[in-house]
Amino acid sequence: MFVKKCASAHFLFVSLPALKHEVFVMLKFSILLFAILSFAVNADQSPQESLSEIEEQLQRAINHYEQNTSPWEIEAPVETSQQSSQKTSQQISQQTSQDAIVEVDAKLIQRLQQDMVWVEGGQFSMGTDSDSALKREQPAHPVIVDGFYIARTEMTQDLFEAVMGWNVSYFACDNCPINNISWFNIQLFIERLNKITGQSYRLPTEAEWAYAAKGGNKSKGYRYSGSNDIDDVAWYAGNADKRSHPVAGKKPNELGLFDMTGNLWEFCVDDMTADLYQRHVDRFGDKARVNPVNLVKDGNLRRKTMKVQRGSGYEFAANESEVFRRDGATNNVRMPDIGFRLALTEK
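Think of each chain on its own: its residues are numbered from 1, step by step along the sequence as written. Given that the model is predicted, a residue must reach a pLDDT of at least 70 before its local features are reported, and side-chain atom pairs must reach 80 or more before they are shown or counted; all residues, however, enter totals for whole chains, interfaces and linings. Note that water and hydrogens are dropped before the side-chain values are worked out from all heavy atoms of the structure.

### So, the confidence of the model for the protein chain
And then number 1: Note on scores: pLDDT gives the predictor's confidence for each residue, bounded by 0 and 100. Averaged over all residues, the pLDDT of the protein chain equals 81, while 71% of them reach at least 70.
And then number 2: What makes two residues a contact is simply this: any of their non-hydrogen atoms within 4.5 Å. Here residues 38-43 scores under 50 on pLDDT; set against residues more than four positions off or in separate chains, the count is eight contacts.
And then number 3: Contacts for the low-pLDDT stretch residues 62-76, under 50 throughout, to residues beyond four places or in other chains number 23 contacts.

As structure tokens, then:
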């Protein structure tokens, strides 16, 4: 139990400013070491109580940082041109809100449109009652979602770079998932993409993401998204060699969606509220939430806040990657193990 709780240090760490990958690994280790020492010194406290105290201290440091940092300070990273898109004569051009001409290979746009998978609406059980789950993942409760489209794969680096003009991902390759981008970066990308395509792409809500990951109305109740054997469907700590991999390299789930477990954590539109599930059950019992989206306070998308991420990533173990797992990261942080996939209400 102590080890499992320590493993959730990712939830704490991703709230810190974006750093080099080496520092990221060192600080994750430091958090674990601090947790172990704290538990050893405070023998009269349970492991959960010791780590709760650590979480509070780290959260105070995070809050101090956020109060003294503009949400746009790290919105646009330095362009390194790690890779360039090979454009054909068949291109799509569109004026962006920043008066810059964006030219995107029509084949990339066509591929994106073809990769949007229709998910028929329905009711499902969100969260879990498993003893191995963290409090933020409990309890199981009914949720209803309307039909929607969701991308077959995580957003790839080639399309992101074609739209944005930069790519500072770790593990660069055209067909690898874009990473090292903030939630704010994603919103700007979506704004530009929608101007180019005339569509209304967006991030999925957490409920939509969870429903799709479980297989929608085709769900077979797997432990991971698409299988009870994580090696079938995911790049995770047991096989990923500490890096992300090209999308669609493993088997898809029941809806034909790839990498809904492993590879990269994926941002959702929702704000992260750790006790959201429990508060709903306490207030409404077994009454289903309908098309829920959790945007706290005024719903201002430019306000700094914690955002939900789902799906687990390449550095997380099998027992940290079940389909019910949820985590969080501030919307101005960039990490090598966080990406996203698109959703669409209607074409």
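### Points about the environment of Gly 165
And then number 1: Counting from the N terminus, the helices are DSSP H or I runs at least four residues long and the strands are E runs at least two residues long. Mapped onto the elements of the fold, Gly 165 is located in the loop between α6 (157-164) and α7 (183-197).
And then number 2: The class of Gly 165 is partly exposed, set by a relative accessible area of 40%.
And then number 3: Distance in space between the C-alpha atoms of Gly 165 and Val 102 is 8.2 Å, their sequence separation being 63 residues. Accessible area is worked out with a 1.4 Å probe on protein chains only. A residue is then buried under 20% of its type maximum, exposed over 50%, and partly exposed in between.

### Let's talk about the packing of helix α5 (residues 106-114) against α6
And then number 1: Helix axes are fitted to C-alpha atoms over the stretch in contact, other axes to C-alpha atoms as well, and angles between N-to-C directions run from 0 to 180 degrees. With their axes 10 Å apart at the nearest point, α5 and α6 run at an angle of 125° to one another. As the angle between them shows, α5 and α6 are arranged oblique. Along this stretch, α5 crosses α6, giving a crossing that reads as left-handed. Of the residues in α6, those touching α5 at Leu 108, Ile 109, Arg 111 and Leu 112 are Asp 158, Leu 159 and Ala 162. Convention used here: angles under 35 degrees read as roughly parallel, angles over 145 as roughly antiparallel, angles from 65 to 115 as roughly perpendicular, and any remaining angle as oblique. For any pair of crossing helices, the crossing counts as left-handed if the nearer helix is rotated counterclockwise from the farther one by less than a right angle, and right-handed if it is rotated clockwise.

### Here we look at α6
And then number 1: Counting buried residues along α6, eight of its eight residues qualify, which places the element largely inside the surrounding structure.
And then number 2: For α6, the full list of buried residues reads Gln 157, Asp 158, Leu 159, Phe 160, Glu 161, Ala 162, Val 163 and Met 164.
And then number 3: In the stretch just after α6, Gly 165 is the one whose phi turns positive, near 85°.

### Side note on the pairing of strand β5 (residues 141-145)
And then number 1: In terms of burial, β5 is a largely internal element, four of the five residues being buried.
And then number 2: Bridging between strand β4 (residues 122-126) and β5 involves five bridges; their strand directions are antiparallel. Bridge pairing in β5 places Gly 122 opposite Val 145.
And then number 3: Strands are treated as partners if at least two bridges between them are detected by DSSP. Strand direction decides the pairing type here: β5 and strand β8 (residues 289-290), joined by two bridges, are parallel. Its bridge partner being in β8, Val 143 is matched across the sheet by Arg 289.

### Quick look at the packing of aromatic side chains
And then number 1: Here is the rule: rings of Phe, Tyr and Trp (six-membered ring for Trp) pair when centre to centre is within 6.5 Å. Planes less than 30 degrees apart are stacked, more than 60 are edge-to-face, and the remainder are tilted. Counted by the stated rule, this structure contains nine aromatic pairs.
And then number 2: Note on Phe 124 and Tyr 211: the rings are 5.1 Å apart at their centroids and 45° apart in plane angle, and the pair reads as tilted. With a gap of 87 residues between them, Phe 124 in strand β4 and Tyr 211 in helix α8 (residues 206-213) connect regions that are remote in the sequence.
And then number 3: Judged by relative accessible area, Phe 124 falls into the buried class, the value being 10%.
And then number 4: On the basis of relative accessibility, which here comes to 1%, the residue Tyr 211 falls in the buried class.
And then number 5: Put simply, the rings of Phe 160, Trp 166, Phe 189 and Phe 340 pair up and form one aromatic cluster.
And then number 6: The side chain of Arg 326 reaches across the aromatic face of Tyr 277, ending 4.5 Å from its centre. Only lysine NZ and arginine CZ atoms are considered, and such an atom sits over a ring when it is within 6 Å of the ring centre and within 35 degrees of the ring normal.

### Looking at the sheet that holds β5
And then number 1: Taken together, the three strands give an open sheet; going across it, the order is β4-β5-β8, and neighbouring strands pair in mixed fashion. Looking along the sheet, the strands with just one partner apiece sit at the ends: β4 and β8.
And then number 2: Here α8 sits on the sheet in contact with β4 and β5, set at roughly 90° to β4.

### What about the pattern of salt bridges?
And then number 1: Salt bridge, as used here: a side-chain nitrogen of Lys or Arg that lies within 4 Å of a carboxyl oxygen of Asp or Glu. Within this structure, the stated rule accounts for 13 salt bridges.
And then number 2: For the salt bridge of Arg 223 with Glu 322, the shortest nitrogen-to-oxygen distance reads 3.1 Å. Linking Arg 223 in the loop between α8 and α9 (230-233) with Glu 322 in the loop between β9 (306-310) and β10 (326-330), this pair joins segments that are 99 residues apart in sequence.
And then number 3: Accessibility expressed as a relative area gives 40% for Arg 223, which makes it partly exposed.
And then number 4: By relative accessible area, which is 5% here, Glu 322 ends up buried.

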